[in-house]
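As a plain string of letters, each chain reads:
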Amino acid sequence: MNKAPIIYRLLNGDAQLSDEQHDAFLSKDRQLYAALLRLPNLSAETAMAIIQRLLAVTEMAPGQAVPESLRLQEDRLIVETLPHLPVDTVLAGFLKLVERRVNNQRTSGWVRAYIFGAPQLESWAVSHRRDLRILVRHALGNPVTLTCLHKFVIENPDAKTTAYLQRYVLRYAKNAALVRDVFLFLFGKLKQSQFSLLNAYLTARQDIQAGKGLHFKVLQGIAGTFHAKISQRRLRRLASRDKVKREVSDEIDESLVGSIRHYYRSGEQLNAQAIEQEMARLPYWDAFVYFIIDASASMRGFGTREYNSIAIATGILKVFQKRIRQTAHAWVGGSDDENFPQPMGTTSIAPALIEVVQQKPDVIILISDGYENIEQGDTAAVFAGLEQLGIQIPIVQIIPAFTERDRIENRQLLPTCFLETGQRGFLSTWLRIRAHLAPDSLEALLRETLSEGSQQ
Amino acid sequence: MKLNVWKSLKKTNGATLTSLADLLQGREAGTAVRWGHLEMIPLFGSACAAGSFAPPQKSLRLTQVTNYGEMILENKGNLPTIVPLHLGYFQNAAQNHAMCVSALLAAGKSKQFKDACCIQAAQGGYIEEADERFIILPQPLRDKALALRGKEDYSKLWKDIAAFNRRLNLKNRGHLDELKRAHQPELLRTVYHLEPAPGQTGAVFLCNNTVVGIELAPDTAFWNDLHTPLVMYCYAPLGLINDVEGTTPWTGETLVVEKLNSLDDLQSRWSTLVARRQERVNQWMDKLQALPILSSQVEQQQGQNQLLTIEIEDFVGQMVLQDQKPAYVSLSRKSPR
């Protein structure tokens, strides 16, 4: 099995592995197989298929358990991947494990941690009630599930009861009261709740109007059983209209970009540790890299996207500066603040590019949303001029984005562009740039990402 | 040739403004930004003292629509403010409205405008306390709306809105929100491309190398509130119309990279290009400054501030003078008859 072409195709987002390829890769090189989770552009289905196999296959060879160190490394990869996958894909993946009767301790722990620790637990409980019930029962086993149900309804539990619930369920909980109500709700033992969605679901059985704000499909389910005569049109009017644009919402975005965006919006002190943590994930890069950073007015954005682009740009600069041998940078637009400039002014990238080329760096990284205006096409013209002069400095553009589905037509100022949301840190950008510069060493680069900043 | 020089002096009650040069006094042109069919020449400086007028988005509130075609606007600021010409509001579950005129509003005061127009033909309900984000009517509708000032008829702009929608291949009806529904991403993208420059106080807007509007604010803070609604709703639709009609965007002078000798050569060609582009901008400004004011009509007087309707050759609009010095100007190219 030749792994390199498979990795390259996965990196470019134009490949799905067959079941046979998954199995062959896993058995041949389990560590590299797990590291595939770090590939940007990996489809959610492929990522979940990898996680399924890592959980299901507990031995390297018959009688030879997966070493502890490798398991911990895999766990780190899973924990950085799972929250960014669509909940439907993750639940479907876990349900396949139920189907195949995979119920080792590790799998059970992951299922419980994913469900009970989820910040969106209340919403999932009403929208994925059946799936969650099957998974919880599978993870805990029937006897423990029944005991937990019995113990959760006790009004003043003693220490022994609390310890039991803590051991099996509450250890994963961010909000114990919510987890209790959800647990009872999943198994039909909840009559009313302080949590609005759970309560809306329960009372909508008597009065459909009380279900206002629930998802359309949830309302359809309730109406099908309890209010057969209610029109679809009325249900649509009652249903919530919020489009889910990102798997990680703003409130629970704990990424570095989330922190910087919060800093821009609130002015509250930025946690310097967030930069250090992200920095520690990147391997060292022995190069002289010049950054051109667009801090023009458009990098501010509007509404929920406000400050997202500038947060990604400044975040990449801060982190990469610490992991690259030599760096320099030039701002295009922006206020005088050297650390976190306020986005302002126009986008004149072409003159900056001419200046920077004269410094002869190994690589030039342009971070820009691509809304060029002085004038449209100038950057491409300068790039064409540099090519004509035979100047071989690789130049890549990073386009900050809010979601991976953002449209970037007409915003690609250079032939080589990568999109970065920052939701999963900047390792993907690092990997894509390095892979672009040295496509033959992709396998080694991917392995390097597992060493987590050990090389200096 | 018709000489109307004396006409302007007569009607402005003592204001001696004879050409566009008088309105552009104290303003300097910066580097033009261009995207697709549209171009914006930013203007800096102002003859009006900064802080004389409260920025409109922060101070203006639509407190109520009392009847179809009637709006009450309130200035919640501590300074007098100017209601930008053709300001309007989009609001859910209520009929959207827009103004036919500009206005002066003293600090803390409200004013009812009975000649506003409804911009959504078939939606019931009145706006009550709208979102403070306002729109400015699309450029092709502005001369028509201004001509309808003083006429109390809420449906007076529906026919023109329907014609405007037809040009964009939208539904043939008097709903301006069709534009927003169909083209919100493109409108926003235009805002991202035509970015405001720090310290900007006004702009000349061009579409395919033809001036389509001249917008001047009293100061930078006022412009910062005005920039987005102007670009997004007033001028971006012109780009969309040109796209629909299949017009090739005007491109201007570009960087020639054939037969380059060195990086220094590239640098020098770039500098020459920048200078030539600025020269073109300066030529445009000279041409505009020479345009004579054909007529002006005082509409409102409030202390030292005066609101006038003006006509300049192919342009029509309104302006505010403070002590006879231009503080606010909004001029739109007239639609072809």
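Procedures and definitions
Residues numbered from 1 in each chain as written. Chains lettered and ligands numbered in written order. Predicted model: local features only at pLDDT ≥ 70, side-chain atom pairs only at ≥ 80, totals over all residues. Helix = DSSP H or I, 4+ residues; strand = E, 2+ residues; numbered from the N terminus. Rg over C-alpha atoms; globule rule 2.2 N^0.38 Å. Buried ≥ 20, exposed ≤ 12 C-beta atoms within 10 Å, placed from the backbone. Contact = placed C-beta atoms within 7 Å. Pairing = 2+ DSSP bridges. Nonpolar A, V, L, I, M, F, W, Y, C, P; charged D, E, K, R; others polar. Axes fitted to C-alpha atoms, helices over the stretch in contact; angles between N-to-C directions. Parallel < 35°, antiparallel > 145°, perpendicular 65-115°, else oblique. Left-handed = near helix turned anticlockwise from the far one by under 90°. Arc of directions from axis to C-beta.

### Overview of the overall build of chain A
(1) Moving on: Across its full length, chain A holds 22 helices and seven strands.
(2) Moving on: By the compact-globule yardstick of 23 Å for 456 residues, chain A fits well, its C-alpha radius of gyration being 25 Å.
(3) Moving on: Projected onto its principal axes, the C-alpha coordinates of chain A cover approximately 75 × 55 × 40 Å.
(4) Moving on: Burial statistics for chain A: of 456 residues in total, 40% are counted as buried.
(5) Moving on: Considering only contacts in chain A between residues 6 or more positions apart, those separated by 24 or more positions represent 67%.

### Things to note about the overall build of chain B
(1) Moving on: Within chain B, the secondary structure is distributed over eight helices and 18 strands.
(2) Moving on: In terms of overall size, chain B behaves like a compact globule, its C-alpha atoms giving a radius of gyration of 20 Å where 337 residues would be expected to give roughly 20 Å.
(3) Moving on: Projecting the C-alpha coordinates of chain B onto the three principal axes gives extents of approximately 70 × 50 × 45 Å.
(4) Moving on: When burial is assessed residue by residue, chain B has 48% of its 337 residues classed as buried.

### Some points on the pairing of strand 4 (residues 60-67) of chain B
Residue and element names in this part refer to chain B.
(1) Moving on: Strand direction decides the pairing type here: strand 4 and strand 5 (residues 70-75), joined by six bridges, are antiparallel. Paired with Val65 across the bridge in strand 5 is Met71.
(2) Moving on: Turn length for the strand 4-strand 5 hairpin, with the two strands adjacent in sequence and antiparallel, is two residues, and the turn residue Gly69 shows positive phi of about 90°.

### As for the interface of chain B and chain A
(1) Moving on: Between chain B and chain A, the contact holds 21 residues from the first and 25 residues from the second.
(2) Moving on: Of all elements in the fold, only strand 2 (33-35), helix 6 (177-193) and helix 8 (263-289) of chain B reach the threshold of two or more residues within the side of chain B that touches chain A.
(3) Moving on: In terms of residue count, helix 8 of chain B provides more of the side of chain B that touches chain A than any other element does, four residues in total.
(4) Moving on: In terms of residue class, the side of chain B that touches chain A is built from 13 nonpolar, six polar and two charged.

### Quick notes on the sheet that holds strand 8 (residues 97-98) of chain B
Hydrogen bonding along the main chain pairs the strands of a sheet, whether they run parallel or antiparallel.
Residues and elements named next belong to chain B.
(1) Moving on: Spatially, four strands are ordered 11-8-7-12 in an open sheet, and the strand pairing comes out antiparallel. A single partner strand is all that each edge strand has here, and the edge strands are strand 11 (117-118) and strand 12 (135-136).
(2) Moving on: Both strand 7 (residues 87-89) and strand 12 contribute to a ladder of two bridges, which runs antiparallel. Across the sheet, the residue bridging to Leu87 is Ile136, located in strand 12.

### Observations concerning unusual backbone geometry
(1) Moving on: With phi around 55°, Lys360 of chain A is a residue other than glycine that occupies positive phi space.
(2) Moving on: Positive phi values are uncommon outside glycine, yet Asn209 of chain B reaches one of about 65°.
(3) Moving on: For Asn209 of chain B, the position within the fold is in the loop between strand 13 (200-207) and strand 14 (210-216).
(4) Moving on: Judged by local crowding, Asn209 of chain B falls into the partly exposed class, with 14 C-beta atoms found within 10 Å.

### A short note on the sheet that holds strand 5 (residues 363-367) of chain A
Residues and elements named next belong to chain A.
(1) Moving on: Read across the open sheet, the five strands follow the order 4-3-5-6-7; overall the sheet is parallel. Whereas interior strands pair on both sides, the edge strands pair on one side only; in this sheet they are strand 4 (324-332) and strand 7 (417-420). Each adjacent strand pair in this sheet contributes to an overall mean axis angle of 25°, direction not counted.
(2) Moving on: Across four bridges, the pairing between strand 6 (residues 395-400) and strand 7 is parallel. Note on strand 7: the bridge partner recorded for Gln397 is Cys417.
(3) Moving on: Lying on the sheet, helix 18 (residues 308-323) is in contact with strand 3 (285-294), strand 4, strand 5, strand 6 and strand 7; it crosses strand 4 at an angle near 150°.

### Side note on the environment of Leu137 of chain B
(1) Moving on: With respect to the helices and strands, the residue Leu137 of chain B is situated in the loop between strand 12 and helix 4 (139-147).
(2) Moving on: Taking C-alpha positions, Leu137 of chain B is 25 Å from Met285 of chain B, a pair spaced 148 residues apart along the chain.

### Examining the packing of helix 9 (residues 129-140) of chain A against helix 10 (residues 142-152) of chain A
Residue and element names in this part refer to chain A.
(1) Moving on: At a minimum axis separation of 6 Å, helix 9 and helix 10 run at an interaxial angle of 110°. Judged on the interaxial angle alone, helix 10 and helix 9 are roughly perpendicular. Seen along the crossing, helix 9 lies across helix 10 with a hand that is right-handed. Contacts between helix 9 and helix 10 involve Val136, Arg137 and Leu140 on the former and, on the latter, Asn142, Val144, Thr145 and Cys148.
(2) Moving on: By residue class, the composition of the contact of helix 9 with helix 10 is four nonpolar, two polar and one charged.

### A look at the packing of helix 6 (residues 87-99) of chain A against helix 9 of chain A
All names here are of chain A.
(1) Moving on: For the pair helix 6 and helix 9, the least separation of the axes is 10 Å and the interaxial angle reads 45°. The orientation of helix 6 with respect to helix 9, classified from their angle, is oblique. In this structure, the crossing between helix 6 and helix 9 has a hand that is left-handed. For the pair helix 6 and helix 9, contact is made by Leu91, Phe94, Leu95 and Val98 and by Asp131, Ile134, Leu135 and His138, respectively.
(2) Moving on: Taken together, the residues of the contact of helix 6 with helix 9 break down into six nonpolar, one polar and one charged.

### Details of helix 12 (residues 176-186) of chain A
Residues and elements named next belong to chain A.
(1) Moving on: The buried fraction of helix 12 amounts to eight of the eleven residues, a majority that puts the element mostly inside the structure.
(2) Moving on: For helix 12, every residue scored as buried is listed here: Leu178, Val179, Arg180, Asp181, Val182, Phe183, Phe185 and Leu186.
(3) Moving on: Looking at the packing, one finds that the buried side of helix 12 touches helix 7 (105-116), helix 8 (121-127), helix 9, helix 10 and helix 13 (196-204).
(4) Moving on: Gly188 sits one or two positions beyond helix 12 and adopts a positive phi of about 70°.

### Description of the environment of Ser27 of chain A
(1) Moving on: Examined against the element boundaries, Ser27 of chain A turns out to sit in helix 2 (residues 19-28).
(2) Moving on: Along the chain, Ser27 of chain A and Met60 of chain A lie 33 residues apart, while their C-alpha atoms are 7.2 Å from each other.

### Some points on helix 14 (residues 216-226) of chain A
Residue and element names in this part refer to chain A.
(1) Moving on: Looking at helix 14, one finds that the buried residues are Val218, Leu219, Ile222 and Ala223. The buried side chains of helix 14 occupy one side of the element, clustering within an arc of 130° when seen end-on. Exposed residues pointing more than 90 degrees away from the buried face of helix 14 are listed as Lys217, Gly224 and Thr225.
(2) Moving on: Check the buried side of helix 14 and you find it contacts helix 8, helix 13 and helix 15 (232-238).

### Here's the deal with the environment of Ala330 of chain A
(1) Moving on: Relative to the helices and strands, Ala330 of chain A resides in strand 4.
(2) Moving on: For Ala330 of chain A, the residues in contact, after removing those within four places along its chain, are Ile292, Ala352, Glu355 and Val356 of chain A.

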